[in-house]
Amino acid sequence: MNGDYDDLDRALMALPLEEPPAGLRDSILAATVYAPPLESIVLRTWEIVLIGTLLAVGSWLAIVLAQNEALTSQLIGGLQAVVAALAAPTTFLWLACGATVALGASLYNVVPRRVPVRSGHS
Amino acid sequence: MSTLGTIEVTDADLVAQTLAGRPEAFGTLVERYDRAVFHLCLRTMRDREEARDATQEAFFKAFRGLGTFKAGAKFSTWIFSIAYHACCDRLAKLKRFSDSELPDRADQTPGPADLAERSDEAKALRQAIDELPEKYRAVITLYHLQQRQYEEIASVLNLPLGTVKTHLFRAKELLRKKLST
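What you are looking at is a predicted structure, and each value in this text was computed from that prediction instead of being measured.

(A) Up close: the overall build of chain B. Each helix and strand in chain B was counted, giving nine helices and two strands. When the helices and strands of chain B are listed from N to C terminus, the series reads β-β-α-α-α-α-α-α-α-α-α. Residues counted as buried form 45% of the 181 residues belonging to chain B. Contacts spanning at least 24 positions in sequence make up 60% of the contacts within chain B whose residues lie at least 6 apart. With an accessible surface of roughly 9300 Å², chain B has 51% of that area assigned to carbon and sulfur atoms.

Below you can see the structure in the form of structure tokens.
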């Protein structure tokens, strides 16, 4: 190289590209083209409509409750009544009774015995 | 741009095909540019392993962000830009963990094969480029890869056109001096 800019330019343009390491292309393709698609949450149309409807109804109820004090107090009163009923000793007694019956019933084998199949008709 | 049989398939077509749900079209883009991108990464990083990782990262980012590729833009400029910035990020990270100045990090001790190839012009030029400061190295590498298109180089490096021309002039000046000694 004689130091001339034209020669330098020619040498630069003629410079061969570096040889990439073996397997580079394959690893790029594996990470891009052949990569399994990322799992995404795909909702069906009816699910989107349902969620939208629930959100709309929820928002509407929230606005109605916020605007109507009487309704809010009624709702709170109703909720309190439900909580009080659930917390009453009688409710717990009935729940305990139900659980005992369920447990007792589960101890009995209520599955009918399999009837052996006869090989011939009588 | 290249030819497949008699039909010319442009980079833009391949991008459009990939976006239309045919990811294998991106494979053709990888085949076209992986070597050039690796070349840019290697000249920037001066470390084959780092260059390999940066190349892979660049194509991965390009594939994921293909939707943001502007119609009418050149794919080569775009992928070079992604690759160059991936290299810059890697260099910044490496510098953070290294006390020494990173451009001197690469092993510059010539091995027997290197010594044997010293006479080779390409080898000498490559070595001279590697010894350039980072900003000149990128400009001169892109000058080669982008076939002298200054606007494209400016776009890749996100630098004003005038700065690119100045850097290129200084890079050539340094190269000329290195090669004449």
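After that view, the rundown keeps rolling.
(B) Looking closely at the packing of aromatic side chains. All names here are of chain B. Tallied over the entire structure, the rule returns seven aromatic pairs over all chains. Seen in terms of ring centroids, Tyr-143 and Tyr-150 are 6.3 Å apart; in terms of plane orientation they differ by 40 degrees. Their pairing is tilted. A network of ring pairs unites the aromatic residues Tyr-33, Phe-69, Phe-75 and Trp-78 as a single cluster. The aromatic ring of Tyr-150 is capped on one face by Lys-165, whose charged end is 5.6 Å from the ring centroid.

(C) Quick peek at the confidence of the model for chain A. Across chain A, pLDDT averages 81, with 81% of residues at or above 70. For chain A, helix 1 (residues 5–14) of chain A is the element with the lowest average pLDDT, namely 85, and helix 2 (residues 24–31) of chain A is the one with the highest, namely 94.

(D) View of the interface of chain B and chain A. Taken together, the 38 residues of chain B in the interface contact 26 residues of chain A. With both sides pooled, the region where chain B packs onto chain A buries about 3300 Å², and carbon together with sulfur makes up 66% of that total. Ranking the residues of chain B by area buried against chain A places Arg35(B), Arg52(B) and His144(B) at the top, with a combined share of 19%. Put simply, chain B and chain A have five salt bridges between them. In this structure, Lys172(B) engages Asp9(A) in a salt bridge whose closest nitrogen and oxygen atoms are separated by 2.9 Å. Inspection of the chain B/chain A interface yields 13 residue pairs in polar contact (both at pLDDT 80 or more). Listing elements by their share of the side of chain B that touches chain A, those giving two or more residues are helix 2 (24–45), helix 3 (48–64), helix 6 (121–130), helix 7 (134–145) and helix 9 (161–180) of chain B. A total of 12 residues in the side of chain B that touches chain A trace back to one element, the largest contributor, which is helix 2 of chain B.

(E) Seen up close, the side chain of Thr141(B). Residues and elements named next belong to chain B. You can see Thr-141 is positioned in helix 7. Judged by its relative accessible area of 3%, Thr-141 falls in the buried class. Residues in contact with Thr-141, not counting those within four places in the same chain, are His-39, Leu-40, Arg-43 and Ile-129.

(F) The arrangement of the environment of Thr18(B) in detail. All names here are of chain B. As for its placement among the helices and strands, Thr-18 is situated in helix 1 (residues 11–19). In the structure, Thr-18 is positioned 49 residues away from Gly-67 in sequence and 9.6 Å away in space, judged by C-alpha atoms. Excluding anything up to four places from it in sequence, Thr-18 contacts Pro-23, Ala-25, Phe-26, Phe-63 and Leu-66. Polar contacts involving the side chain of Thr-18 include one to the main-chain carbonyl oxygen of Leu-14, which spans 2.7 Å. At 3.3 Å, the side chain of Thr-18 and the backbone nitrogen of Phe-26 are in polar contact.

Reading the values: the criteria
- Residues numbered from 1 in each chain as written.
- Chains lettered and ligands numbered in written order.
- Predicted model: local features only at pLDDT ≥ 70, side-chain atom pairs only at ≥ 80, totals over all residues.
- Heavy atoms only, no water.
- Helix = DSSP H or I, 4+ residues; strand = E, 2+ residues; numbered from the N terminus.
- Buried < 20%, exposed > 50% of the residue type's maximum accessible area, 1.4 Å probe, protein only.
- Contact = heavy atoms within 4.5 Å.
- Areas by Shrake-Rupley, 256 points an atom, 1.4 Å probe, with all protein chains shown as cover.
- Phe/Tyr/Trp six-rings, centres within 6.5 Å; stacked < 30°, edge-to-face > 60°.
- Lys NZ or Arg CZ within 6 Å of the ring centre and 35° of its normal.
- pLDDT = per-residue confidence, 0-100.
- Buried area = accessible area lost by both parts, 1.4 Å probe.
- Salt bridge = Lys/Arg side-chain N within 4 Å of Asp/Glu carboxyl O.
- Polar contact = N/O pair within 3.5 Å; in protein donor to acceptor, adjacent residues only side chain to side chain.

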